[in-house]
Amino acid sequence: QVQLVESGGGLVQTGGSLRLSCAASGRTASNMGWFRQAPGKEREFLAAVRWTDSTTYYADSVKGRFTISTDNAKSTVYLQMNRLKPEDTAVYYCAAKVYSWSNNWPYWGQGTQVTVSS
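Every value quoted in this text rests on a predicted model; they were computed, and no experiment measured them.

1. Considering the packing of aromatic side chains
Following the criterion strictly, the structure yields five aromatic pairs and no others. Residues Phe35 and Trp105 carry aromatic rings whose centres are separated by 5.5 Å and whose planes lie at 75° to one another, so their mutual orientation is edge-to-face. Linking Phe35 in strand β4 (residues 31-37) with Trp105 in the loop between β9 (90-97) and β10 (107-108), this pair joins segments that are 70 residues apart in sequence. Owing to a relative accessible area of 14%, Trp105 belongs among the buried residues under this scheme. By the ring-pair criterion, three or more aromatic residues cluster together here, those being Phe35, Phe45, Tyr93, Trp105 and Trp108.

Here is the structure:
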């Protein structure tokens, strides 16, 4: 099992920035990622990182504005979000998987609310 604890959400104005954190414990994950879900919408992939070589992946919708990074010593993944827009308002989730080849993300954090005011 991988346990994930997120932090860093909150209320920010349009154009502002937030950094989300996700601390992992338990079983070693191969990949960690960030997703979000807005009211009435499906969960959306945002970014992911592979622990072994720090390869990163981004959704086109956030590329250039969001950056995923890691602190291996703390087993923590961050999502730096810049130039936030009202449409970025959602619950943000951290996720982990233990097999890089799998499309399944079996481990999830509790979610953290991000609200961007116009």
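2. Concerning the environment of Leu20
Within the secondary structure, Leu20 sits in strand β3 (residues 18-26). Taking the C-alpha atoms as reference points, Leu20 and Arg83, 63 residues apart in sequence, are found 14 Å from one another. With sequence-adjacent residues up to four places away left out, Leu20 is seen in contact with Ser7, Gly8, Gly9, Trp34, Val77, Tyr78, Leu79, Met81, Tyr92, Thr112 and Val114.

3. What about the state of the cysteines?
Applying the stated criterion across every chain yields a total of one disulfide. In this model, Cys22 is linked to Cys94 through a disulfide, with the two sulfur atoms separated by 2.0 Å. With the S-S bond torsion at -80°, the cross-link from Cys22 to Cys94 turns out left-handed. Of this pair, Cys22 sits in strand β3 while Cys94 sits in strand β9, and the two are 72 residues apart along the sequence. Here Cys22 falls in the buried class, since its relative accessible area comes to 0%. The exposure class of Cys94 is buried, given its relative accessible area of 0%.

Cut-offs used in this document
Residues numbered from 1 in each chain as written. Predicted model: local features only at pLDDT ≥ 70, side-chain atom pairs only at ≥ 80, totals over all residues. Heavy atoms only, no water. Phe/Tyr/Trp six-rings, centres within 6.5 Å; stacked < 30°, edge-to-face > 60°. Helix = DSSP H or I, 4+ residues; strand = E, 2+ residues; numbered from the N terminus. Buried < 20%, exposed > 50% of the residue type's maximum accessible area, 1.4 Å probe, protein only. Contact = heavy atoms within 4.5 Å. Disulfide = S-S within 2.5 Å.

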